[in-house]
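# Architecture and fold: a report
Here's the letter readout for the chains.
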Amino acid sequence: MVIGMMGFGTIGVGVYELMRDQKDLEMRYVLDIRDIGIPEATRRAEDLWEDPEVETVIEVMGGLHPAYEFVTAALRAGKNVVTANKYLVATYYDELLALAAEHGAAFRCTAAVGGGIGWLTALERVRRLEPVVALEGIMNGTTNYILANMTQGGLSFETALSEAQALGYAEADPSADIDGLDIMHKVLLSANVAFDVSLPAGEIPTFGIRNVTDDDVWNFKSRGLVCKMLGNARLEGEKVAVYVQPTLLPELSLTASVPANFNLITYETEYTGRMSFYGQGAGRYPTAANVVQDCLDLAGGVKSFYSGRARRVPVSNEIAHYRYYLRTCSAKKDAVQEEQWGDASVTRLMSVAEMKKLYDEILPEDPKVFAAAIG
Ligand code: HSE
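This text gives an overview of the structure that appears in the document. (Residues numbered from 1 in each chain as written. Predicted model: local features only at pLDDT ≥ 70, side-chain atom pairs only at ≥ 80, totals over all residues. Heavy atoms only, no water.)

Here we take up the nonpolar core. Taken as a class, soluble globular proteins show a tendency for nonpolar side chains to be buried jointly. Ranked by size, the top nonpolar core spans 84 residues in total, and within it Leu 75, Phe 107, Trp 119, Leu 135, Phe 195, Leu 199 and Tyr 267 carry the most contacts. Ranked by residues supplied to this core, first place goes to helix α10 (residues 181–195) with nine residues. Structurally, this core is a two-domain feature, drawing no fewer than three residues from each of domain 1 (2–108) and domain 2 (120–279 + 313–318). Leave out the neighbours within four places in its chain, and Phe 195 touches Val 132, Val 133, Ala 134, Leu 135, Ala 233, Arg 234, Leu 235, Val 240 and Arg 311. Grouped together as the second largest cluster of nonpolar side chains are 25 residues, Tyr 16, Met 27, Val 60 and Ala 111 included. (Core = buried A, V, L, I, M, F, W, Y, C linked by side-chain atoms within 4.5 Å. Buried < 20%, exposed > 50% of the residue type's maximum accessible area, 1.4 Å probe, protein only. Helix = DSSP H or I, 4+ residues; strand = E, 2+ residues; numbered from the N terminus. Domains from an automatic or database assignment. Contact = heavy atoms within 4.5 Å.)

The structure is reproduced here in structure tokens:
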């Protein structure tokens, strides 16, 4: 299968290297604006969709533009697309799937969620037989690296974030990691595939870890709790709850034990129950491996997305409830406080929707507010 690739950054170099040993895959073009010094290099994006022998276009350039323009041009020319770009797929989900179907092209994005874990392909497989009712987990290596190192290594937030950046886990703009946007895209894609829906990205609440402090971590530890950043989605009847939030878990639980930048993602189905997937969720070779695996699937005849045409549904977070750890100087906490942990409040049971509303009211008054669900 002849392939053109857009992007020769961290992931692109990994794909290029892993593909060299694959006799069924031929890399013909690599698009990059820089001088990348390989024989396949081109600066002309059109090469990838004008060459009739190119069957599949890989997009690993990241960002929304020009990735969107290039991917849609490739689909219109009937090329299969393989991408690791969760931001692109989550934002243009309906349009990209419709374009692929209209032009008889396959669209695969396994590396977009869970990096090296074959999570979307696992969801695709399980949902053939039984309904998925929920999914949750650690879907971001950077925030797990930060929280694990603050909890076990006593590092400050800033030091742990710098280390995650140096190790190549963090997004180009790490706010996407620490404010939860990266997880929001991953949980949206997972829920869309798991429940055969199309969720509106703008409606999914994300509570980030930008404001977590050493004192918060100490507060949790002294109570046998560990803070983890989780994506969650649950289907109840026709309603889908979906949200991203720091969550306090008993220190001996499986999720609380996940170290460094590892991911642990779990789905729950009607008959099999809970099934968890653990591994490297970021980094050059794990992510590149799933891109190449998608290409091998295509070369082997897979010609599809992971689920069918999706129904548009709103986010219904009034069906999910937690007590929250809420550290704020705002008096707005008084109306919901049930307990006090050091300087922080523990709220009564609240829906995620209610907490989101309160959090948004507190934020202008107290930009340092931190909230975590008690899981
Ligand atoms: N910044 C992401 C992470 C990269 O830390 O998991 C993989 O999506």
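There is more to say, and it comes next.
Quick look at the layout of surface pockets now. Reported here for the largest pocket is a volume of approximately 1000 Å³. Every residue lining the largest pocket is counted, 44 residues in all, and those nearest its centre are Ile 11, Met 61, Gly 62, Gly 63 and Glu 171. For the lining of the largest pocket, the elements supplying multiple residues, two or more each, are α1 (10–19), α4 (86–91), α7 (141–152), α9 (175–178) and α10. In terms of residue count, the dominant contributor to the lining of the largest pocket is α10 (four residues). Here the lining of the largest pocket is built from residues that sort into 19 nonpolar, 16 polar and nine charged. Here the lining of the largest pocket gathers at least three residues from each of two domains, domain 1 (2–108) and domain 2 (120–279 + 313–318). Counted as a void, the second largest pocket has a volume near 270 Å³. As for the second largest pocket, its lining consists of 21 residues, and the residues nearest its centre are Glu 136, Asn 232, Arg 234, Tyr 243 and Tyr 322. Sorting elements by how many residues they give to the lining of the second largest pocket places strand β9 (residues 225–236) first, with five residues. Taken together, the residues of the lining of the second largest pocket break down into 11 nonpolar, five polar and five charged. (1 Å grid on protein atoms, 1.4 Å probe; cavity = no way out; pocket = protein on both sides within 12 Å on 5 of 7 lines; lining within 4 Å. Points joined across faces, edges and corners; volume = space filled by probe spheres on them. Nonpolar A, V, L, I, M, F, W, Y, C, P; charged D, E, K, R; others polar.)

Attention now moves to the packing of aromatic side chains. Taken as a whole, this structure holds 19 aromatic pairs when the rule is applied. A cation sits over an aromatic face here: Lys 356 above Phe 207, 6.0 Å from the ring centre. (Phe/Tyr/Trp six-rings, centres within 6.5 Å; stacked < 30°, edge-to-face > 60°. Lys NZ or Arg CZ within 6 Å of the ring centre and 35° of its normal.)

Burial analysis of β9 places nine of its 12 residues in the buried class, the great majority of the element. Pairing of strand β7 (residues 132–138) with β9, which is carried by four bridges, proceeds in the antiparallel orientation. Paired with Ala 134 across the bridge in β9 is Arg 234. When β9 meets strand β10 (residues 239–250), the two strands line up antiparallel, connected through 12 bridges. Looking at β10, one finds that Leu 225 is bridged to Pro 250. Here β9 folds back onto β10, and the loop between the two strands holds two residues, one of which, Gly 237, carries a positive phi near 65°. (Pairing = 2+ DSSP bridges.)

The subject of this paragraph is the pairing of strand β2 (residues 26–31). Where strand β1 (residues 2–6) lies against β2, five bridges are found, and the strand directions are parallel. Each residue of the ladder has a partner; that of Gly 4, found in β2, is Tyr 29. In the sheet, β2 pairs with strand β3 (residues 41–42) via two bridges, with the strands oriented parallel. What sits directly across from Leu 31, in β3, is Thr 42.

Turning next to the pattern of salt bridges. Within this structure, the stated rule accounts for 25 salt bridges. Note that Glu 238 is salt-bridged to Arg 311, the shortest N-O span being 3.4 Å. With Glu 238 in the loop between β9 and β10 and Arg 311 in strand β13 (residues 311–312), this pair connects stretches of sequence that are 73 residues apart. Residue classification places Glu 238 among the exposed positions, given a relative accessible area of 58%. The partner of Arg 348 in a salt bridge is Glu 354, with the nearest N and O atoms 2.7 Å apart. What makes Arg 348 partly exposed here is its relative accessible area of 29%. Here the salt bridges share partners, and the residues they tie into one network are Glu 26, Arg 28, Asp 51 and Glu 53. (Salt bridge = Lys/Arg side-chain N within 4 Å of Asp/Glu carboxyl O.)

This paragraph deals with α10. In this model α10 runs 21 Å from its N-terminal to its C-terminal C-alpha over 15 residues, within 8% of the 21 Å that 1.5 Å per residue would give. α10 sits mainly inside the fold: 14 of its 15 residues count as buried. Of the residues one or two after α10, Asp 196 is the one with positive phi, at around 55°. (Expected span 1.5 Å × (residues − 1).)

Just geometry here; none of it tells us what the structure is for.
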